[in-house]
Amino acid sequence: VACHDCDLLHELGEIPEGATARCRRCGSLLRKRTRNGLERTLALALAAAILFVVANSFPFRSFEMKGRVTQTTVMTGILDLWRGGKQEIAALVFLTIELSPVAQLGLLLWVLVPLRRGRVPWQLPHAFRLLRHATSWSMIEVFLIGIVVAITKLMGMATIVPGLALWSFALLMVVLSAAVAAFDPDAIWEQVEASS
């Protein structure tokens, strides 16, 4: 393994859970094995999947103006953009807020659930490649910033009530980021090799 900072090559043996491997020359982190990494990542991915369902099932805001109440979900917002002649923006929002997180969660579960049961996931190398691409397109953080800015601007004109979906999206952003951070491909490959 080459050090990311000084390019010194190291031959890493097996690293026990809870241990880290550091560069002999500069001391930077080469590899870290967290305790119960597979179980932790699976738990976070399942929690993120539940939060994603909640975030898409309930309105993320209620807007009241002149006695008229409008509730908005993510899909109604995307459909309103589409009908309003902004098909490119609607497609981009759908890709980054709906499709990419679903692919990311689905691929995490595709890999982790069979491993937890002691089986090797089907098409594991392809799932890893797709997961890397899906992770780079998931932009829930950008969506949340846009919603918070819109709510702040509209506060003076109407009564705005943040809905359950908004809080679910905020939690989803944190939990999904934690699941991706806890995901250790090296540990998964080691488990696949051990079970083969």
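What counts as what
- Residues numbered from 1 in each chain as written.
- Predicted model: local features only at pLDDT ≥ 70, side-chain atom pairs only at ≥ 80, totals over all residues.
- Heavy atoms only, no water.
- Helix = DSSP H or I, 4+ residues; strand = E, 2+ residues; numbered from the N terminus.
- Buried < 20%, exposed > 50% of the residue type's maximum accessible area, 1.4 Å probe, protein only.
- Contact = heavy atoms within 4.5 Å.
- Core = buried A, V, L, I, M, F, W, Y, C linked by side-chain atoms within 4.5 Å.
- Salt bridge = Lys/Arg side-chain N within 4 Å of Asp/Glu carboxyl O.

Visitor: Run through the environment of Phe58, naming residues and quoting values.
Guide: Within the secondary structure layout, Phe58 lies in the loop between α1 (37-57) and β3 (61-65). For Phe58, a relative accessible area of 39% puts it in the partly exposed group. In sequence terms Phe58 and Ala103 are 45 residues apart; their C-alpha atoms lie 21 Å from each other. Excluding residues that lie within four positions of it along the chain, Phe58 makes contacts with Thr73, Leu164 and Ala165.

Visitor: Go over the nonpolar core with me, naming the residues and quoting the values.
Guide: Counting residues in each nonpolar core, the largest one holds 20 residues, and the members touching the most others are Phe60, Val74, Phe143, Phe169 and Leu172. Elements supplying a minimum of two residues to this core: α1, α2 (74-83), α3 (87-116), α5 (140-154) and α6 (164-182). The biggest single contributor to this core is α6, with six residues. What Leu172 contacts, discounting residues up to four positions off in sequence, is Ala48, Leu51, Phe52, Ile140 and Ser177. In terms of nonpolar packing, the next biggest core, distinct from the first, is built from 16 residues, Leu42, Leu107, Leu108 and Phe183 among them.

Visitor: Report on the pattern of salt bridges, specifying residues and quantitative values.
Guide: Applying the stated criterion across every chain, the model contains two salt bridges. Residue Arg116 pairs with Glu39 through a salt bridge whose shortest N-O separation is 3.9 Å. Of this pair, Arg116 sits in helix α3 while Glu39 sits in helix α1, and the two are 77 residues apart along the sequence. When the shortest N-O distance is used, the salt bridge between Arg83 and Asp80 registers 3.5 Å.

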